[in-house]
Amino acid sequence: MLVKATEMLTAALEGKYAVGQFNINNLEWTKSVLLMAQELKSPVILGVSEGAGKYMTGFTVVADMVKAMDKALGITVPVALHLDHGSYDGCVKCKEAGFTSIMFDGSHFPLDENIAKTKELVALAHANGLSIEAEVGSIGGEEDGVVGLGEVADPEECKKIADLGIDFLAAGIGNIHGVYPANWPGLRFDALAAIKEKVGNMPLVLHGGTGIPAEMVKKAISLGVSKVNVNTECQLSFAAATRKYIEEGKDQKGKGFDPRKLLAPGAEAIKQTVKEKIELFGSANRA
Ligand code: 13P
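A brief structural summary. Since the structure is predicted, the reported quantities are computational estimates derived from the model, not experimental observations.

### Overview of helix H1 (residues 6-15)
Move 1: What H1 keeps buried is the set Thr6, Met8, Leu9, Ala12 and Leu13. When H1 is viewed along its axis, its buried side chains cluster within an angular range of 165° and face the same direction. More than 90 degrees from the buried face of H1, the exposed residues found are Glu7 and Glu14.
Move 2: Looking one or two places after H1, you find Lys16, whose phi comes out positive at around 60°.

As structure tokens, this is what we get:
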């Protein structure tokens, strides 16, 4: 059954572990993430960017597919279906489509506007039983057209947004979407600690989970991060496994071109990436 993300993240904050948000792109992605979460008995969040929603022909198709697959696979662990970096309109559409959680990314607006819009969407989300994430500062790099300069969040601004009644907060702490450049200085733990001090018991979200060294991820979790978002890493492992299959000429042997065979190594690679992350985040056997 699909659930909002509030309870799983409150439990993660208390238990000092994090729940993974894995972004989905299609049926294979969804199936791989759900199966591995179930195998490891871990709560999980399926993230959908506006671009991925459009690719899958709309949020309603995504929500219907996820609900039907969750049931068909007999998934018993808690699963939240969450809009990633949503616009105001995107949040409204996902509520109507049957998502259980939304993120409003108002970080590119002046603070007053971010506050006003987040406040309206908190009311909408909570009146409909959804959880809501908001963002302060910005995540560097680009994800599906959402570009951020990577500003480190101001703790006072985080407090103002947290006080609006959101369920969890994404704060820029030097994290970047996509692969980290070789000269990346690392996460700003000083900023994370200052934000945590201001927002108290608010679960914090670490975006840009691809390629952050394991020790840094663990330290971030110990400082109050309860949700880690991973997108690019699943794309890279899917692409590498698919390339290997084709380069070995397997698509040309027998019926190796059948999509159920051609896409199988990539789907398995996604499962392995999800497994590694769930084990690193400490959410296995928490469902
Ligand atoms: P990565 O693509 O760097 O893993 O980031 C994912 C993310 O933060 C989704 O919002």
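### Side note on the environment of Val274
Move 1: Here Val274 is to be found in helix H12 (residues 264-281).
Move 2: Val274 gets classed as buried once you look at its relative accessible area, which sits at 0%.
Move 3: Along the backbone, Val274 and Val66 are 208 residues apart, and their C-alpha atoms lie at a distance of 17 Å.

### Looking at the pattern of salt bridges
Move 1: The final tally for this structure, using the stated rule, is 11 salt bridges.
Move 2: Here Glu113 and Lys117 are joined by a salt bridge, their closest N and O atoms 2.7 Å apart. Taken together, the residues Glu113 and Lys117, both in helix H6 (residues 111-127) and four residues apart, mark about one turn of the helix.
Move 3: With a relative accessible area of 22%, Lys117 lands in the partly exposed category.
Move 4: Of the charged contacts in the structure, one is a salt bridge between Glu133 and Lys227, with a shortest N-O distance of 2.7 Å. In this pair, Glu133 sits in strand E5 (residues 131-136) while Lys227 sits in strand E10 (residues 225-230), placing the two residues 94 residues apart along the sequence.

### Observations concerning the nonpolar core
Move 1: By size, the foremost hydrophobic cluster in this structure holds 75 residues, and its most contacted members are Phe22, Val48, Leu81, Phe99, Leu169 and Phe281.
Move 2: Looking at this core element by element, the count peaks at six residues for helix H4 (residues 59-72).
Move 3: Counting residues in hydrophobic clusters, the runner-up holds 12 residues, among them Met8, Val19, Ile45 and Ala80.

Calculation rules
Residues numbered from 1 in each chain as written. Predicted model: local features only at pLDDT ≥ 70, side-chain atom pairs only at ≥ 80, totals over all residues. Heavy atoms only, no water. Buried < 20%, exposed > 50% of the residue type's maximum accessible area, 1.4 Å probe, protein only. Helix = DSSP H or I, 4+ residues; strand = E, 2+ residues; numbered from the N terminus. Arc of directions from axis to C-beta. Salt bridge = Lys/Arg side-chain N within 4 Å of Asp/Glu carboxyl O. Core = buried A, V, L, I, M, F, W, Y, C linked by side-chain atoms within 4.5 Å.

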